[in-house]
Structures are given as structure tokens and as C-alpha cells.
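# Geometric and topological summary
Below are the chains, spelled out letter by letter.
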Amino acid sequence: MKKFKGFLIIALCLLVACFVFSGCTQEDPADTQDNQVSDTDENNDATENNGEEETFTITNELLKQAEAEMLEMLQPLPEKGNGEKIGAVTFSMTNPFWVTVQEGYEDAAKEYGVTVDVVGSPDEADEQGQADAMIALLAKDYDAFAVSSMTPYSLVNPVAEATAQGIKVVAVGTNIDTQAAADAGAQVEAFVTSDFEAQGKLGAAYIMELLGGSGKVAVIEGQAGADNSEQRKNGAIAGFEENGGEIVAVEAANWDRQTAYDIATNILQANPDLGGIMCANDEMALGVVEAMKAAGVKDQVKVVGIDFIEEAKTSIENGELDGSVVMSPYLYGKAGLILALKAVQGHEITEDMFWTPFALVNSENVDQYDGWK
């Protein structure tokens, strides 16, 4: 594993931060058949990008600037039209966040004249399913992989196998453990991510602002042990504690909407004066919103999620979800593919870690995020 050399923070972080205080369940219906792992080789094959579909056109000004900053950060960009074959491994294609990451991979592949195959596990808590998905791809002659490891350990062995085969690997969103990678001989060329701990802290601080600086609060994390989940949980705890919150519960809902609904219902029953819940993703936050509505206390309990999926945007516009920490899964995918191509083409990657921007969206600034992805 290359030694970490420093952070490049996209300037847009400062731009979007000015909007923050201004003013990853029901499964997504998207087709997941070609993206989930199954017990047959046929269904293990990822959907191949054939370049026939139109790519997404960025219209949101903040997202345009974020992309421009990202591309500048990734200079020099790789050559186009060399026909490389990239394998991408995500969490699960049942979550809209990872569906958008896939779109970023595929649009970048079309732009650069290469092929990308994207796979995920059957659900967001199936570590072995994710590892099996990558192992299946290792037999199919890829030039590079872009991987998003569920936990710091779930993809260590598949990445080690890729390294042994001379296949370049970059990490997108989450990475494998440094020491475990070194012990296994797994090499990651570069890592593009966001500050997950700061995301959780930002959302929790906003809840405390809505509560006037005091109140009973809870944290619902995603998958216990998953790096992004743990960081968001820790950030939320810090955000509450530093801003007057009394934390009455911290529980994991495995990124699942129904599980979060049930957990929130139980927390409320034990704490009828509950003031707020910070959730590690929007799927869980939307489940919490429904639980609070069912109990007739939605106005009392403030709920914030992370990821700003389309359904969360609608909920904010409808005055139900109080906020969501926005990031760009689309740029995750695009940056991941570009970094993979740079690694394959022998570019010297002088920084190991690259940051993507985030901010808090609420009812007062949600209109500025129309078209965000």
C-alpha cells in the first residue's frame, strides 16, 4: 500500500458550505438483475457498457463546478479510445446511491472509449457476496478494478489476487485496511472518497440547531464495522455531544429502511421526549421519517440523512425529512474510472487520496440542488 501523502480538498467544499445553514427498506425499483451476484455464471456476468445509451448531462451549476474541480485535480487525464476493460465492485445495486455510482462509471467509460462492468452483492450487508462478485470478475481478463469495500477487510483477499495477477486496483468511497493489505500483498493505487466523519458531524450539528441547542437524540448507523458507517456514526456522536445533545441510543440498521423504522419506533417508545435522529444514509432516514409520522411526532423529532438520493430530495421538499448531507455518487464513479485508466496507462499518481465535496441540504436551499447527482 502506498504511503498516504496528503489530502487534496476540492475548493467547492468551501463554496457549498455557505449554503449549509442558509435559511446507503423499500428497495429501489431499478432493474438489478444484471448487477447482483447470483449462483449462476450467467447472472454473475455484469451488464457490459455498449455505448448505445445517452450519457447524463450535468446541468446543476454546483455539480458542474465540482466536476471541473475534480477533473483539474486528476490532471493529467488518461488517453481516450484505448479500449481498456475495467471491472467495478460496489456495495449493492438495490440502493439508489450505488446505482448512481454505476452511472458515473458507465458515462465515463463511454467518454473514454472503454468498457466497464459493474457488480455488487445481493444486499448492502453481504460481505461474502461482494467478495464473490469480485472473485468472479478476476477470471475475466480485466485491465483494472475500481472497488468499494463494504468493510476494511471484505475485499482484501480479492484485491491481493488482483495484485498477484498484475491488475491495477483503485478504491472508490471506501478502502481496504492498510495493514491487512500489506500482510496480504494487496496493492491499491489511489483512493477517491469523501469525509464521512465530517458528514455525520454536520448532520448532527444541524439537528441540534433545529432543537435550539439541547434535547435527547439518537444515532442510527449502517453496517457495524463498515468504514463509512463507523465514521458517520462517530461524526454524528461528536456533532451531538459538542452541540448540547443527550444521546440516548446508537444502533445499527444495516442500511435498511424497514430496520431503521423498527429501531426508531423502539427508541421513541423508550424516550417519548426524543428530539432528533441522525441516520448514516437516506434510506434509513426515510424509514425513520415514516416511523415518526406513524407515531404522530414528526414535528417533534428532527431527522437528517446522508447521500441526498432523489426520494430524500422529494421528502425535504414536502417538509418531512429535515435535511440530507449531499455528496456526488456520480462523480465517485467517474473519478474512479478515470483513476483506474490512469493506473493502467502508467500515469504517476502523486497523491493517494482525493476528496469529493459535501454540504447539507434543507428546505431553504434544496432548490439549488435540482439536477444534482
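Each remark here, short or long, concerns the structure printed above.
To keep things clear, this report deals only with the structure shown in the data block.

## What about the sheet that holds strand β8 (residues 215-221)?
The strand order across the open sheet built from six strands is β9-β8-β10-β11-β12-β14, with neighbouring strands paired in mixed fashion. Looking at which strands have only one partner, the edges of the open sheet turn out to be β9 (245-252) and β14 (359-361). Neighbour to neighbour, the strand axes of the sheet diverge by 20 degrees on average, direction disregarded. As paired strands, strand β11 (residues 302-307) and strand β12 (residues 323-326) are joined by four bridges and run parallel to one another. Residue pairing in the sheet places G305 in a bridge with S324 of β12. Together, β8, β9, β10 (274-279) and β11 form the strand contacts of helix α9 (residues 227-241), whose direction differs from that of β8 by roughly 175 degrees.

## What to know about helix α13 (residues 329-344)
Taking 1.5 Å as the rise per residue, α13 with 16 residues should run 22 Å; its terminal C-alpha atoms sit 23 Å apart, in good agreement. Across the 16 residues of α13, 15 count as buried, placing the element largely inside the fold. Downstream of α13 by a residue or two, G346 has a phi angle that is positive, lying close to 80 degrees.

## What to know about the pairing of β10
Of all six residues in β10, six are buried; the element is thus mostly enclosed. Two strands pair when backbone bridges link them, and β8 and β10 are joined in this way by five bridges, in the parallel orientation. Bridge pairing links A218 to I277 in β10. Sheet topology places β10 next to β11; three bridges connect them, and they run parallel. In the sheet register, M278 faces β11, and the bridge partner there is V304. Note on the crossover from β10 through helix α11 (residues 282-295) to β11: the handedness is right-handed.

## Observations regarding the pattern of salt bridges
Side chains that carry opposite charge are capable of pairing whenever their charged atoms lie near each other. On inspection of all chains with the given rule, the structure shows 18 salt bridges. When the shortest N-O distance is used, the salt bridge between E311 and R257 registers 3.0 Å. Taken as a pair, E311 in helix α12 (residues 310-317) and R257 in helix α10 (residues 257-270) lie far apart in primary sequence, 54 residues in all. Residue classification places E311 among the partly exposed residues on the basis of a relative accessible area of 42%. Residues joined in a network through salt bridges with shared partners are E67, K80, E111 and K334.

## Focus: the environment of T350
Within the fold, T350 resides in the loop between α13 and β13 (353-355). Separated by 161 residues in the primary sequence, T350 and E189 have C-alpha atoms spaced 9.9 Å apart.

## Overview of the environment of Q187
Tracing the chain through its elements places Q187 in the loop between α7 (178-184) and β7 (191-193). You can call Q187 partly exposed: its relative accessible area is 25%.

## So, the packing of helix α8 (residues 196-210) against α9
Relative to each other, α8 and α9 sit at 35 degrees, their axes nearing to 6 Å. α8 and α9 meet at a crossing whose hand is right-handed. Of α9, the residues touching α8 (which contributes F196, E197, Q199, G200, K201, A204, A205, I207 and M208) are N228, Q231, R232, G235, A236, G239 and F240. Here the contact of α8 with α9 is built from residues that sort into seven nonpolar, six polar and three charged.

Reading the values: the criteria
Residues numbered from 1 in each chain as written. Predicted model: local features only at pLDDT ≥ 70, side-chain atom pairs only at ≥ 80, totals over all residues. Heavy atoms only, no water. Pairing = 2+ DSSP bridges. Helix = DSSP H or I, 4+ residues; strand = E, 2+ residues; numbered from the N terminus. Axes fitted to C-alpha atoms, helices over the stretch in contact; angles between N-to-C directions. Contact = heavy atoms within 4.5 Å. Expected span 1.5 Å × (residues − 1). Buried < 20%, exposed > 50% of the residue type's maximum accessible area, 1.4 Å probe, protein only. Right-handed = clockwise from strand over helix to strand, strands pointing away. Salt bridge = Lys/Arg side-chain N within 4 Å of Asp/Glu carboxyl O. Left-handed = near helix turned anticlockwise from the far one by under 90°. Nonpolar A, V, L, I, M, F, W, Y, C, P; charged D, E, K, R; others polar.

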